[in-house]
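# Residue-level structure breakdown
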Amino acid sequence: MTIQTYATYEELSRKTADLIIESVKDKPNPLVCLASGHTPIGVFKCLVEDVKAGKLDISNWTFVGLDEWNGMNGTTKGSCRQMMDEDLFEPLSIPEKQIVFFDGTQPNVQAQCDEVNELIHQHGGLDVMLVGIGLNGHIGMNEPGTAFDTFAHISQLAEETITVGQKYFPGETKLSTGITMGLKHFQEARLPIIMANGEKKADIIAKVAASQPIESLPASIVHMTPQAYIMVDRAAGSLL
Ligand code: F6R
């Protein structure tokens, strides 16, 4: 595992975008799994700028959404899909056929998990998996206690995730479960990245960096993932 620290959020975002772009540039049909939430917004901005400047062609990428809240899809303001529509898919007019995303409004969520697991398996693993990190060490919606060998699954959200998750929504929102890619996807990805910024993330980043791989701290799977990166700005890396 490699830890990289950058002076600012802007630099962190640029370097993370560059790492992703470089890793897939010779791939005929890259499968790129991206988190929603606030952390990767700067990376999306870089991707949008590069495409608009004619420096990057993403027409052969397939975008895989990392997770979604149960009961939501892109029509809910603050959902994972809606945020990514706003910051990435719509600015680039990415066609639906290049997007694979959980729809938490459908009754067949297990079938959606099976389908995405099969897609990733057939591809030989994700080319890129960019995740943020929760204050409790979750990645995706893999909460503390999730087995390291899980693929996509339905997750019971931790209390802290339900509380902190309110920040995405315009009003108080009932959250209880989610659908998420698994920790095994992270471990098997060719380029797995945990990205974090801001001083709020400093404690958890230091804890993960110092930890053994242990299921009570999902992000600690990085210690079983030699090709993984932890990319942080100076504030998030201040306790390393
Ligand atoms: C979002 C996701 C979450 C977030 C994490 C950090 O798709 O899976 O695990 O990455 O909670 O959230 P932010 O980036 O808002 O600090």
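These numbers come from a predicted model, not from an experiment. (Residues numbered from 1 in each chain as written. Predicted model: local features only at pLDDT ≥ 70, side-chain atom pairs only at ≥ 80, totals over all residues.)

### Considerations on the overall build of the chain
Stated precisely, the cut-off is as follows: Here a strand is any run of E in DSSP of at least two residues, a helix any run of H or I of at least four, and the numbering for each starts at the N terminus. Atoms counted for the radius of gyration: C-alpha only. Globule rule: 2.2 Å times the number of residues to the power 0.38. Here a residue counts as buried when 20 or more other C-beta atoms sit within 10 Å of its C-beta, as exposed when there are 12 or fewer, and as partly exposed otherwise, the C-beta atoms being derived from the backbone. Whether two residues are in contact depends on their C-beta atoms, placed from the backbone: they are in contact if these lie within 7 Å.
Check the secondary structure of the chain and you find 7 helices and 10 strands. At 16 Å, the chain has a C-alpha radius of gyration in line with the 18 Å of a compact globule built from 240 residues. Within the chain, buried positions represent 42% of all 240 residues. Across the chain, the fraction of contacts at a sequence separation of at least 24, relative to all contacts at a separation of at least 6, is 78%.

### Examining the pairing of strand 9 (residues 191-196)
Quick note on the threshold: When DSSP locates at least two bridges between a pair of strands, those strands are taken to pair.
Of all 6 residues making up strand 9, 5 are buried, and the element is well covered by its neighbours. Pairing analysis gives 4 bridges linking strand 6 (residues 128-131) to strand 9, with the strands arranged parallel. Counted as the bridge partner of valine 131 is isoleucine 194 from strand 9. Taken together, the 4 bridges between strand 9 and strand 10 (residues 229-233) define a ladder with parallel strand orientation. Bridge assignment links isoleucine 194 to a residue of strand 10, and that residue is isoleucine 230.

### Some remarks on the site of the ligand
Defined as follows: Defining nearness, a residue is near a molecule or strand when the C-beta atom obtained from its backbone falls within 6 Å of it. Asp, Glu, Lys and Arg are counted as charged, while Ala, Val, Leu, Ile, Met, Phe, Trp, Tyr, Cys and Pro are counted as nonpolar; the rest, among them Gly, fall into the polar class.
What surrounds the ligand is a group of 16 residues, the closest being Ser36, Gly37, His38, Thr39 and Gly132. Taken together, the residues of the shell around the ligand break down into 7 nonpolar, 8 polar and 1 charged.

### Observations regarding the sheet that holds strand 7 (residues 153-156)
Our working definition: For helices, the fitted axis covers only the stretch in contact; all axes are lines through C-alpha atoms, and the angles between them, taken along N-to-C directions, range from 0 to 180 degrees.
Here 3 strands make up an open sheet; going across it, the order is 4-8-7 and the pairing antiparallel. Each end of this open sheet is capped by a strand with a single partner; those strands are strand 4 (67-69) and strand 7. On average, adjacent strands in this sheet sit at an angle of 25° to one another, irrespective of strand direction. Of the strand pairs in this sheet, strand 7 and strand 8 (residues 177-180) are connected by 4 bridges, and their pairing is antiparallel. Bridge assignment links histidine 153 to a residue of strand 8, and that residue is threonine 180.

### Notes on the UniProt feature "domain: Glucosamine/galactosamine-6-phosphate isomerase" (unreviewed entry) in the chain
Rule in force here: UniProt positions are given in the numbering used here, feature names are shortened, and annotations may be inferred rather than shown by experiment.
As annotated in UniProt, the feature "domain: Glucosamine/galactosamine-6-phosphate isomerase" (unreviewed entry) corresponds to residues 9-225 in the numbering used here. Within residues 9-225, the helical portion is 34% and the strand portion 14%, while the C-alpha atoms at the span's ends are 25 Å from each other.

### Re the sheet that holds strand 10
Here we have 7 strands laid out as an open sheet, ordered 1-10-9-6-2-3-5, and parallel in their pairing. Only two strands of the sheet have a single neighbouring strand rather than two, namely strand 1 (2-6) and strand 5 (99-100).

### Thoughts on the environment of methionine 1
The residue methionine 1 is located in the segment before strand 1 in this model. For the pair methionine 1 and tyrosine 229, spaced 228 residues apart in sequence, the C-alpha separation works out to 5.6 Å. Ignoring sequence-local partners within four residues, the contact set of methionine 1 consists of Val222, His223, Thr225, Pro226, Ala228 and Ile230.

### A look at the nonpolar core
The cut-off we apply is this: By definition, a nonpolar core groups buried Ala, Val, Leu, Ile, Met, Phe, Trp, Tyr and Cys residues that connect through C-beta atoms lying within 7 Å of each other.
Counting residues in hydrophobic clusters, the biggest one holds 59 residues, and the most contacted among them are Val32, Cys33, Leu130, Val131 and Ile194. Ranked by residue count, the leading element in this core is helix 3 (residues 80-89), at 5 residues. Contact partners of valine 131, with chain neighbours within four places excluded, come to Ala35, Leu66, Ile139, Gly140, Phe186 and Ile194.

### Some thoughts on the confidence of the model for the chain
The test is simple: The predictor's confidence in any single residue is recorded as pLDDT, a number from 0 to 100.
Summary statistics for the chain give a mean pLDDT of 98 and a share of 100% for residues scoring 70 or more. The ipTM, which scores confidence in the relative placement of chains, is 0.99 for this predicted complex, and the corresponding pTM is 0.98.

### Some thoughts on helix 3
Threshold: The reported arc concerns the directions from the helix axis to the C-beta atoms and nothing else.
Considered for burial, the residues of helix 3 that qualify are Cys80, Arg81, Met83, Met84, Leu88 and Phe89. Each buried residue of helix 3 sits inside an arc of 155° when the element is viewed along its axis, so together they form one side. Structurally, helix 3 contributes buried residues whose contacts are with helix 2 (41-52), strand 3 (62-65), strand 4 and strand 5.

### Focus on the packing of helix 1 (residues 9-24) against helix 2
Note the following rule: Orientation labels follow simple angle bins: below 35 degrees gives roughly parallel, above 145 gives roughly antiparallel, 65 to 115 gives roughly perpendicular, and whatever is left gives oblique. Here a crossing is called left-handed whenever its near helix is offset anticlockwise from the far helix by less than a right angle, and right-handed whenever the offset is clockwise.
The N-to-C vectors of helix 1 and helix 2 enclose an angle of 60°; their axes lie 8 Å apart at closest approach. Considered as vectors, helix 1 and helix 2 are oriented oblique to each other. As helix 1 packs across helix 2, the resulting crossing turns out to be right-handed. Counted together, Tyr9, Glu10, Ser13, Arg14, Thr16 and Ala17 of helix 1 and Gly42, Val43, Lys45, Cys46 and Leu47 of helix 2 form the full contact between these two elements.

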